[in-house]
Amino acid sequence: MENFKSESIIDFFDTYKTDKDCLFYLAKIKWQDGFKCKKCNNTKCTIRKFNYARDCNLCHHIESSTANTLFHKVKFGIRKAFTIVFEMSCATKSVSSSQMARRLDISRQTAWLFMHKVRLAMKSSDLYPITGHVLVGEFVYGGKEDLKQGRSNNSKKKKVVAAVKIDKKRGVKRAYFKRIDNYSSKELSKIFVSHISNDAKITTDKWKGYQPLKKDYNITQIKSNVSDFFEMNTIIHQLKAGLRSVYSWMHEEHIKKYLNEYSYRLNRSKHKQTIFDNLINRMVKSKSTSYKEIIISS
Ligand SMILES: [Zn+2]
């Protein structure tokens, strides 16, 4: 089975006609570098169940292709789970759990939980900091919307700092977001540490909170005017509109996951043909997780 390369839902359903097709695809990814028994570390096995499970030749532990991945114990059907991953990877904005539940005839709670597992796989590895020209700024989300731009200390609003990489033609290359509690240097530094290279050329507005970060980063502070921050403001506007249209409410503890989801898709907008395959690979390589871990994770 070839790596899946398409944005077409027809190609998707032609490729994954049954649950077995999906389990076979997971097996191919999971054991692409060979087999190693989880119980005894033996590397010899027999292929079982139409090529999607492995039977250890030494201790006879049988491992399915979903075991210990984010597809672990998916009870509503692996093909439906694949469909959710496909919809979430190819969507322009996002899809809501109630929409997925209706379309796949599963409960909203089941869809909600699995979609959070997909979001865990969308989390950045933080291994590839942005270099080049980066715009950094903050915005607020939630509470009563107002027209005031910039920093708001309204405690009901969720505060977010954004880093947006701009290319030579002033197009957006990558974007990352971090939830912050306030606008102090310590909070703002979170996005620098996770996502910005020390040699990046960073532009911020004149907020004093960025000044202490100048000792470690190349920061130019300019007067906040619309044209210099246009690309960043456009991304923030799209993000807020997307969140408003799909999620009528959002618990505080989950906003980070939605921000990860938005970044993941945005940063791969030039690779839409392979985004589904990339996400399935990430889900196979991520450890399985429980409901409790989903609730407390960020
Ligand atoms: Zn074994």
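Our structure is the block above this text.
Just so you know, these numbers come straight off a predicted model, no measurement behind them.

(A) Molecular detail of the sheet that holds strand 3 (residues 62-64). Strand order in the open sheet made by the three strands is 1-2-3, with antiparallel pairing throughout. Single-partner strands in this sheet number two, and they are strand 1 (45-48) and strand 3. Across the sheet, the mean angle from the axis of one strand to that of its neighbour is 25°, orientation sign disregarded. As judged from the three bridges shared by strand 2 (residues 53-56) and strand 3, these two strands associate in the antiparallel manner. By the bridge assignment for strand 3, Asp55 is matched with Ile62.

(B) Up close: the coordination of the zinc ion. Within the protein, the zinc ion binds to Cys37 (SG), Cys40 (SG), Cys56 (SG) and Cys59 (SG); these donor distances fall in the range 2.3 Å. Here the zinc ion is ringed by four donor atoms whose angles at the metal span 102 to 116°, and the overall shape comes out tetrahedral.

(C) Broad picture of the sheet that holds strand 5 (residues 158-166). The mixed open sheet is built from five strands, whose spatial order is 6-5-4-7-8. Of all strands in the sheet, those with a lone pairing partner are strand 6 (172-180) and strand 8 (218-221), marking the two edges. Sheet twist, expressed as the mean angle between neighbouring strand axes with direction ignored, is 25°. Here three bridges tie strand 4 (residues 133-141) to strand 7 (residues 201-204), and the two strands are oriented parallel to one another. Bridge pairing in strand 7 links Val134 to Ile202.

(D) Highlighting empty space enclosed by the protein. One pass over the full model with this rule turns up one cavity of 30 Å³ or more. What the largest cavity holds in volume is close to 70 Å³. Every residue lining the largest cavity is counted, 10 residues in all, and those nearest its centre are Lys93, Ser94, Leu243, Tyr262 and Arg265. Elements with a contribution of two residues or more to the lining of the largest cavity: helix 7 (230-246) and helix 8 (255-266). Of all the elements, helix 8 adds the most residues to the lining of the largest cavity, at four residues. Partitioning the lining of the largest cavity into residue classes produces five nonpolar, two polar and three charged.

Criteria and cut-off values
- Residues numbered from 1 in each chain as written.
- Predicted model: local features only at pLDDT ≥ 70, side-chain atom pairs only at ≥ 80, totals over all residues.
- Heavy atoms only, no water.
- Pairing = 2+ DSSP bridges.
- Helix = DSSP H or I, 4+ residues; strand = E, 2+ residues; numbered from the N terminus.
- Axes fitted to C-alpha atoms, helices over the stretch in contact; angles between N-to-C directions.
- Donors = N, O, S within 2.8 Å, 3.2 Å for Na, K, Ca; no water.
- Tetrahedral: all angles 85-135°; square planar, octahedral: opposite > 155°, others 65-115°.
- 1 Å grid on protein atoms, 1.4 Å probe; cavity = no way out; pocket = protein on both sides within 12 Å on 5 of 7 lines; lining within 4 Å.
- Points joined across faces, edges and corners; volume = space filled by probe spheres on them.
- Nonpolar A, V, L, I, M, F, W, Y, C, P; charged D, E, K, R; others polar.

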